[in-house]
Amino acid sequence: MKHQPRVLIVEDEPPIAELIAVNLRHNGFQPVWAEDGVAAQRELDAVLPDAILLDWMLPGESGIVLARRWRADARTRGVPILMLTARGDEPDKVTGLDAGADDYITKPFSTQEMLARIRAVLRRRAPEQVKDRIEIAGLMLDAATHRVSWQDQPVKLGPTEFRLLHFFMKHAERVHSRAQLLDKVWGDHVFIEERTVDVHVKRLRESLGEAGAMIETVRGAGYRLTAQA
Ligand code: CA
């Protein structure tokens, strides 16, 4: 089945949210509705959408505040945001784009216009996704969205384990010494003992479950990630 882009609708007015959701569904998207920033944050913590339609005027935190926060957060940084605004004046649009929105749509808008804008932000984002996504023997890492999965099941990793896995996957089948890993993954200005590498490799293997076997210890040399495990 074709991938249905997931679109998070953050809108406090049910009739508008419903209208948007129906149109998205009819056009091959998977809409998810959140009525305010709190509900939206809960949704983002659970599943990252492909795009966010964000109303400007919301009870509690405004769309501008939310857009700023999601842009500052490494996890949500890559998700395109389209601001929905009832006002059409220039200063607002500029503020919205300054806050990190990728585009804005002025209410009332036509379905065709909304769909065209969503498709445009998804297209702009597509090349990066391809480049940032690495898959080796069922293990998938997406650097843009910070997601890792094993046989389509999500895997949770700490930040260091994520960077370590990213490095291993970018340089698969090659053996890396502990000193090289410290240099490449931790950075060469930090003084850390080599056994720190062992601790994080152990954690990484545990988090990966059966895919952990792909990270091999090469006696006297270091570690490598291999598809032949
Ligand atoms: Ca509103």
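Parameters and conventions
- Residues numbered from 1 in each chain as written.
- Predicted model: local features only at pLDDT ≥ 70, side-chain atom pairs only at ≥ 80, totals over all residues.
- Heavy atoms only, no water.
- Helix = DSSP H or I, 4+ residues; strand = E, 2+ residues; numbered from the N terminus.
- Buried < 20%, exposed > 50% of the residue type's maximum accessible area, 1.4 Å probe, protein only.
- Contact = heavy atoms within 4.5 Å.
- Areas by Shrake-Rupley, 256 points an atom, 1.4 Å probe, with all protein chains shown as cover.
- Pairing = 2+ DSSP bridges.
- Axes fitted to C-alpha atoms, helices over the stretch in contact; angles between N-to-C directions.
- Parallel < 35°, antiparallel > 145°, perpendicular 65-115°, else oblique.
- Left-handed = near helix turned anticlockwise from the far one by under 90°.
- Nonpolar A, V, L, I, M, F, W, Y, C, P; charged D, E, K, R; others polar.

1. Details of the overall build of the chain
Argument step 1. Scanning the chain for helices and strands turns up eight helices and eleven strands.
Argument step 2. Dimensions along the principal axes, computed over C-alpha positions, put the chain at roughly 65 × 40 × 25 Å.
Argument step 3. Across the 229 residues that make up the chain, the buried fraction comes to 44%.
Argument step 4. When contacts within the chain are restricted to residue pairs at least 6 apart in sequence, long-range pairs at least 24 apart make up 56% of them.
Argument step 5. Carbon and sulfur atoms provide 52% of the accessible area of the chain, an area that totals close to 12300 Å².

2. Description of the sheet that holds strand β3 (residues 51–55)
Argument step 1. Spatially, β2-β1-β3-β4-β5 is the arrangement adopted by the five strands of the open sheet, whose pairing is parallel. Every other strand in the sheet has two partners, leaving β2 (30–34) and β5 (103–106) as the edge strands with one partner each. Ignoring which end each strand starts from, the neighbouring axes of this sheet average 20 degrees apart.
Argument step 2. Across four bridges, strand β4 (residues 81–85) lies against β5 in parallel orientation. Note on β5: the bridge partner recorded for leucine 84 is isoleucine 105.

3. Comments concerning the packing of helix α2 (residues 37–46) against helix α3 (residues 63–72)
Argument step 1. At a closest axis distance of 11 Å, the pairing of α2 and α3 adopts a crossing angle of 20 degrees. It follows that α2 is roughly parallel to α3 by the angle criterion. Crossing geometry of α2 relative to α3 is assigned as right-handed. Residues Gly37, Ala40, Gln41 and Leu44 of α2 form the contact with α3, whose own contacting residues are Leu66, Arg69 and Trp70.
Argument step 2. When grouped by side-chain class, the residues that make up the contact of α2 with α3 number four nonpolar, two polar and one charged.

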